[in-house]
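Working through the structure, step by step
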Amino acid sequence: REGLAPEVWLTKEAVGPEEQALQRLGVAVVRGEAYNREVLERLGVKPGAIRLLRDEVWNTVDEVRLIAGELGRNGGDRVIIVTSKAHSRRVRATWAAIVGVSPKAIVRYARAEPYGGGGWWRNTRDALDVSREVFGLMNVWAGFPVQPDRQPR
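This one's a predicted model, so the numbers in the text were calculated from it and none came from an experiment. (Residues numbered from 1 in each chain as written. Predicted model: local features only at pLDDT ≥ 70, side-chain atom pairs only at ≥ 80, totals over all residues. Heavy atoms only, no water.)

1. A look at the nonpolar core
Note the threshold: We call a set of buried residues a nonpolar core when its members are Ala, Val, Leu, Ile, Met, Phe, Trp, Tyr or Cys and they connect through side-chain atoms within 4.5 Å of each other. We call a residue buried when its accessible area falls under 20% of the maximum for its residue type, exposed when it is over 50%, and partly exposed in between, using a 1.4 Å probe and counting protein chains only. To qualify as a helix, a DSSP run of H or I must reach at least 4 residues; to qualify as a strand, a run of E must reach at least 2; elements of each kind are numbered from the N terminus. Any two residues whose heavy atoms approach within 4.5 Å are treated as being in contact.
With 13 residues, the main nonpolar core has Ile67, Val79, Ile81, Trp95 and Ala105 as its most contacted residues. Mapped onto this core, the elements with two or more residues apiece are strand E2 (50–57), helix H3 (60–74), strand E3 (78–83), helix H4 (88–98) and strand E4 (104–109). Sort the elements by how many residues they give to this core and H3 lands first, with 5 residues. Filtering out sequence-adjacent residues up to four positions away, Ala105 remains in contact with Val79, Ile81 and Trp95.

2. Here's the deal with the environment of Ala14
With respect to the element layout, Ala14 can be found in the loop between strand E1 (8–13) and helix H1 (17–24). Take Ala14: its relative accessible area is 9%, and that puts it in the buried class. Here the alpha-carbon distance between Ala14 and Ala97, two residues 83 residues apart in the chain, equals 23 Å. Non-local contacts of Ala14, meaning those with residues more than four positions away in its chain, are made with Arg31, Glu56, Val57 and Trp58.

3. Some words on a nonpolar patch on the surface
Using the following cut-off: Note that patches include only residues with greater than 30% relative accessible area and no salt bridge, and the join distances are 9 Å for like charges and 5 Å for nonpolar side chains (Val, Leu, Ile, Met, Phe, Trp, Tyr). Areas reported here follow the Shrake-Rupley algorithm with a probe of radius 1.4 Å; residue values treat only the protein chains shown as occluding. Here, a salt bridge means any side-chain nitrogen of Lys or Arg that lies within 4 Å of a carboxyl oxygen of Asp or Glu.
Residues Val134, Phe135, Met138, Trp141 and Val146 make up a contiguous nonpolar surface patch of roughly 530 Å² in combined accessible area. Here Phe135 lies in helix H5 (residues 124–141). A relative accessible area of 46% places Phe135 in the partly exposed class.

Take a look at the structure:
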């Protein structure tokens, strides 16, 4: 909407065991990318400027590889990655570890997000976010020895 990029790319999470169980029961599951698309459209992004990337991702490493691959196929030299406040440092570190400095990733978070890192220990939601991010950063710095449990579809 502000002209910073010609397209918005959405990634889609891999279907995990919980979602598979719901699908087997005939429960309609609305995927996160459907919500993301609707939010973007309501914020004024034209539907034709929203692109859902084909491959499913299990984690941030998968997302970084997918985005870097798409940039390469499209001749792009930079991308703006929008993530959560708590997640932004780990996304930068993951991009640097997997891709390096080129193509360039500019990592931003949504301004309206309620996370406040200054008192993260005061509530379980923020404490869990920080715990996950610390563990994730250690995984990046150690060279990604911990891998996702990729369930078969």
